[in-house]
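Descriptive analysis of the structure
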Amino acid sequence: MRKKIIAGNWKMNNDIFQTTDLLNGLKEKISSSEHLVIVCPPFTSLVVAQQLLKNSPIKLGAQDVSLFDSGAYTGEISVGMLKAAGCSYVIVGHSERRQYHGETNEIINKKAKKVLDAGLIPIICIGETLDEREKGITDQILTTQTKGVLADFSNAEVEKSIIAYEPVWAIGTGKTATKEQAEESHQLIRKVISQMYSWATAEKVIIQYGGSVKSENAKELLSQPNIDGALVGGACLKADSFAAIITAV
Ligand code: 13P
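Predicted, not measured: the structure shown is a model, and the values here were computed from it.

Cut-offs used in this document
- Residues numbered from 1 in each chain as written.
- Predicted model: local features only at pLDDT ≥ 70, side-chain atom pairs only at ≥ 80, totals over all residues.
- Heavy atoms only, no water.
- Helix = DSSP H or I, 4+ residues; strand = E, 2+ residues; numbered from the N terminus.
- Contact = heavy atoms within 4.5 Å.
- Polar contact = N/O pair within 3.5 Å; in protein donor to acceptor, adjacent residues only side chain to side chain.
- Pairing = 2+ DSSP bridges.
- Axes fitted to C-alpha atoms, helices over the stretch in contact; angles between N-to-C directions.
- Expected span 1.5 Å × (residues − 1).
- Buried < 20%, exposed > 50% of the residue type's maximum accessible area, 1.4 Å probe, protein only.
- Arc of directions from axis to C-beta.
- Near = heavy atom within 4 Å.
- Nonpolar A, V, L, I, M, F, W, Y, C, P; charged D, E, K, R; others polar.

Turning our eyes to something else, we now look at the environment of Tyr 165. Here Tyr 165 lies in strand β6 (residues 162-165). For the pair Tyr 165 and Thr 20, spaced 145 residues apart in sequence, the C-alpha separation works out to 29 Å. Excluding its chain neighbours within four sequence positions, the residues that come into contact with Tyr 165 are Ile 126, Gly 127, Glu 128, Arg 133, Leu 142, Ala 182, Ser 185, His 186, Ile 189, Gln 208, Tyr 209 and Gly 210. A distance of 2.9 Å separates polar atoms of two side chains, one belonging to Tyr 165 and the other to Glu 128.

Turning our attention to the sheet that holds strand β3 (residues 59-62). Read around the barrel, eight strands follow the order β1-β2-β3-β4-β5-β6-β7-β8 and close on themselves; strand pairing throughout is parallel. Each strand axis lies, on average, 25° off the axis of its neighbour in the sheet, ignoring direction. In terms of strand pairing, strand β7 (residues 206-210) meets strand β8 (residues 229-232) through two bridges, oriented parallel. Across the sheet, residue Tyr 209 finds its bridge partner in β8, namely Ala 230.

Next up on the list: helix α1 (residues 16-29). Between its first and last C-alpha, α1 extends 20 Å over 14 residues, near the 20 Å set by a 1.5 Å rise per residue. Within α1 the residues assigned to the buried category are Thr 19, Leu 22, Leu 23, Gly 25 and Leu 26. Angular distribution of buried residues about the axis of α1 spans 160°; they occupy a single face of the element. Summarising the geometry of α1, the exposed residues directed more than 90 degrees from the buried face are Phe 17, Asp 21 and Glu 28. Put simply, Asp 15 is the residue that caps the front of α1, since its side-chain oxygen is 3.0 Å from the backbone nitrogen of Phe 17.

Assignment of secondary structure puts Glu 128 in the loop between β5 (121-126) and α6 (130-134). The exposure class of Glu 128 is buried, given its relative accessible area of 0%. For Glu 128, the side chain forms a polar contact with the side chain of Arg 133, separated by 2.8 Å. Within the structure, the side chain of Glu 128 is placed 2.8 Å from the side chain of Trp 169, a separation counted as a polar contact. When residues no more than four places from it in sequence are discounted, the contact partners of Glu 128 are Arg 133, Thr 138, Ile 141, Leu 142, Tyr 165, Pro 167, Val 168 and Trp 169.

This part takes up the site of the ligand. Neighbouring the ligand are 13 residues; Lys 11, His 94, Gly 172, Ser 212 and Gly 234 lie closest to it. In this structure, an oxygen atom belonging to the ligand sits 2.8 Å away from a side-chain N or O atom of Lys 11. Side-chain polar atom of Glu 166 to an oxygen atom of the ligand: 2.9 Å apart, as the coordinates give it. Of the residues in the shell around the ligand, the class split is four nonpolar, seven polar and two charged.

Below is the structure:
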């Protein structure tokens, strides 16, 4: 039985003061959970979040990482820095990184490897655009992305990794994939992993759904057999709405 993992991607929201308010609110509401709960604040909030989450079951993640370990890479943050700031998880390849920063499956694969090599867990994002869905090439896109982002991973590495299926057309739009659409994509992703590795390995991989998840649709989506959690954007920015998702599933 795979554990459910609910992660909040804060994106570029919340300074250190807002972070303190949100996490204090969240700690009150989530003092224990049968699910694994992760928050991914912006880089500038990680250290304050680490302090605030010391005696809490809520884990800390980052939203991106550099391909490099140190040196002349202005504006970049290394995985070592993230580890020292208390992160156990790192989101890589979010569609906003693909769209605004030109990240490819190859770059995302290298970033995920960096994260794993440092002993952290990558949350690797994939998902088709509206145009790709309308052209009927969703399966093809998801197959290419899955193979690309997991290229050269060992069995152990793929089993440790988290995949987040986020259909781009569902992100921030209020248009959630139906449970059937989401389950179908998750099944496909797991099948591709099984072909690359084995069913035993594919069965162990956590595949989260992301895209307009809220407390009203979380239970239905997460009760699908292949949907093992959620990567939440907008609804994770308030303690009430994020906690409501966690308690709903
Ligand atoms: P929304 O929940 O705001 O649609 O965002 C999803 C997302 O991009 C999480 O990474």
